[in-house]
Amino acid sequence: MLASARVNAEVTVYGQVPLGQISSSLAAAASATQTGPNPALTTLPAYDETILIPPPVPSPAPPRQFTVEMQRDAANVNGLSIPHRGAAFFGFSIEMSVVNQVRDSLIQVPFLNLMANLVERAGEVLIRMGGNTQEQAGLVDSIDGYRVISKEALGHDTTTRTPGVIYTMDLFYLAANISSLVNVKWFMGIPFNDTTNWRTQVAEYGQNILGDHLVGLQAGNEPDLYINNGHRTGTYTPNDYVSEVQSLITSMNSNPNIPNKSMLIGPNLEGNWSPESVWDAGFLTACSENLYALSVEHYPTNNCFAQFGVGTQRFPQEEFPLYLNHNAGRNLIAPYLNSTQIAQQVEKPFIMFETNTASCGGFPGISDSYGAALWALDYGFTMAYSNFSNALLHIGGQTVYYNPFTAPPTNQSTYRQWTIGSIYYSTLVIAEAFGKSNTSRIIDMDSNDGNIYTPAYAIYENDVLTKAALFNFVDDRSGASDLQVSLSVPGAGVPASVRVKYLLSESVSFNNITWAGQTFGGQFDVDGRLRGDLNVTTINCDQAANTCVVPVPAPGFALVFFGNDDDLALGQSPLTFATTARTKTVNTVTVDPSLLATSNGHSGTDRDQWDMGSTSKGSIPNTAATMQKIIPGLVVALSAAIGWSLVMG
């Protein structure tokens, strides 16, 4: 009988999931004693998991039962907004220096899926590539490593510490390729750091490569902060800004490589100047023919002290209640009500070009909470009612708290997926509320005697009531603050039933959010597709009493459909995308990470002693010599194994 043969084998694993960063379920398998959050997951603000204490029930508490009367026909309603046409109301503003975190030389599939969900509901999505970074951006022929964009340190200090960037032509082609897959339209920005020698390549190549998918070109980013941010010296006034825009127009008009001369967007103020100061400086009369839209940029507050040690220190727990009532949105848009009327007079869109929960990155515990989702949704409806055409939610990369969506850190991208931010759900809901008809108009119903914790809106399409939007900002899981909202339609009467979709979470402090029963998943677990079964609630109405009683939990949001709207069936977009290219080209055999987590490892000394390979590809300098020592033993071992199998066979 043959003696048994023992075979030893080693497997070299490249790109192994680091033991300290495996998912919680695998970590549990690796060590039953491991407790608490994984520190590797909480180092970057984009993945912060702070949970704040929800505000107490207001005193006095809002009435739980109230009636909202809505006219059936738009002709009988005073104060309706302008029709909301074209793209989804909420789009995105991506800081140019972090474009590579959202989409680099390879188009990120989760990004496409997230955009497809909005396109399915609204038809198209607006995205701006720019921000403070655009002012210093420069086009170059190539960047090491075939990168699309690279950060460059600036020669001066700025409040937001935003680096400058260099970029290649691939930036335009990448945007064009995205637009060929999902209907994304783009805004870009012309640098304003050298107004003597205008760099208009963004306009030239943008129009040539993107065509109709390039919607507009930003003329200056927050010029009212140029002095503060070191972009100008001495004095700088609205008159100076208008003169610079006129100079840009002269340059563009004389450039044959810029066929469309009417794509500029301005004045893009942050709030240090009033819009009226720019209108009074002659901006509209001097530049109107070359303007696509008027725009402003505004955040409710800032967290610059925590991030950069400047300004006023603010504490998230104290700031949180300020987001959880209807006045939050109303106060934000109040300075612009006159300007939205002016925009209608000159027949230009009026866009909130950059906004989010707080400048300088947002707040931990607020910016990614369900409370922020309710705030953004109410803020969006308030802007729409106040005749803003669109609003762009800012994305700042790994170092901010407020992203609607975030790619994993580059060194974790082979084993982690994306992370969804709470306000992405807000973009989805408002896109569904306005739909694709290009006729949607909205009105604030000033419901419940104007109670700031229970706002409501009515939405009309083709001049007929189609939806109602109901909010409950109160956090009270006891059920004692749940609302019973009676919807009534005088004259025409209510239908036999209405259908309701709910945006829900257990608390304003949490971020485990569902929309109509579906969710995108948790941290590092998002591929851009909704998961779970679609849940649309049917509520029977009392037609004799002309009421439909809609419950709204505390906290909660309900979108009520009065007819058999096609949007009722909207869940995950049928258009989804699969990965067709791989960035990981070695060690593509899959091994259960839990097995690797509990396997024996070796130090560099051990690997050298036993002639083992390295876990870093290419780090063994004399591979041929090493293999000469390994192969003879390997041949003997394999021969013994083959011989044993033949005998047993």
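Our subject is the structure listed above.
J.: Describe the overall build of the chain, listing the residues and the values that go with them.
T.: When helices and strands are tallied, the chain shows 18 helices and 23 strands. Residues counted as buried form 51% of the 649 residues belonging to the chain. For the chain, long-range pairs separated by at least 24 residues make up 79% of all intrachain contacts whose partners lie at least 6 apart in sequence. With the model as given, the accessible surface of the chain reaches about 28,200 Å², and the carbon-plus-sulfur share is 49%.

J.: Can you tell me about the sheet that holds strand 1 (residues 65-69), naming the residues and giving the values?
T.: The pairing of strands in a sheet happens through backbone hydrogen bonds and is either parallel or antiparallel. Pairing is mixed in the open sheet, where three strands are placed in the order 1-18-22. Each end of this open sheet is capped by a strand with a single partner; those strands are strand 1 and strand 22 (548-552). On average, each strand axis in the sheet is tilted by 30 degrees relative to the strand beside it, whichever way the strands run. With five bridges connecting them, strand 18 (residues 483-488) and strand 22 associate as antiparallel partners. Paired with V485 across the bridge in strand 22 is V550.

J.: Help me get a handle on the state of the cysteines, residues and values and all.
T.: Per the stated rule, a full pass over the model turns up two disulfides. Here C541 pairs with C548 through a disulfide, and the sulfurs are 2.0 Å apart. Here the S-S torsion is close to 105 degrees, and the disulfide linking C541 with C548 is therefore right-handed. Classification of C541 as buried rests on a relative accessible area of 14%.

J.: Would you mind going over unusual backbone geometry in detail, with residue names and values included?
T.: Cis geometry is adopted by the peptide bond preceding P60, which originates at S59 and carries an omega value of 0 degrees. In this structure, P60 sits in the loop between helix 1 (24-30) and strand 1. With omega at 0 degrees, the peptide bond leading from A554 into P555 counts as cis. In this structure, P555 sits in the loop between strand 22 and strand 23 (556-561). One non-glycine residue with positive phi stands out, namely N387, at about 75 degrees. Here N387 lies in the loop between helix 13 (370-385) and strand 12 (390-395).

Cut-offs applied
Each chain carries its own residue numbering, running from 1 in the direction its sequence is written. Only residues with pLDDT of at least 70 get local features here, since the model is predicted, and only at 80 or more are side-chain atom pairs given and counted; chain-wide, interface and lining totals rely on the full set of residues. The basis for the side-chain values is all heavy atoms of the structure; hydrogens and waters are excluded. Only DSSP runs of H or I covering at least 4 residues are called helices, and only runs of E covering at least 2 are called strands; the numbering of each starts at the N terminus. For the exposure calls, accessible area comes from a 1.4 Å probe over protein chains only, and a residue counts as buried if that area is under 20% of its type's maximum, exposed if over 50%, partly exposed in between. Throughout, a residue-residue contact means that at least one pair of heavy atoms, one from each residue, lies within 4.5 Å. The protein chains shown are the only cover counted for residues, whose accessible areas, like all others here, come from Shrake-Rupley with a 1.4 Å probe. Strands are treated as partners if at least two bridges between them are detected by DSSP. Axis angles are defined between N-to-C directions and span 0 to 180 degrees, where every axis is a line fitted to C-alpha atoms and, for a helix, only to the segment in contact. Defined by distance alone, a disulfide is two cysteine sulfur atoms within 2.5 Å.

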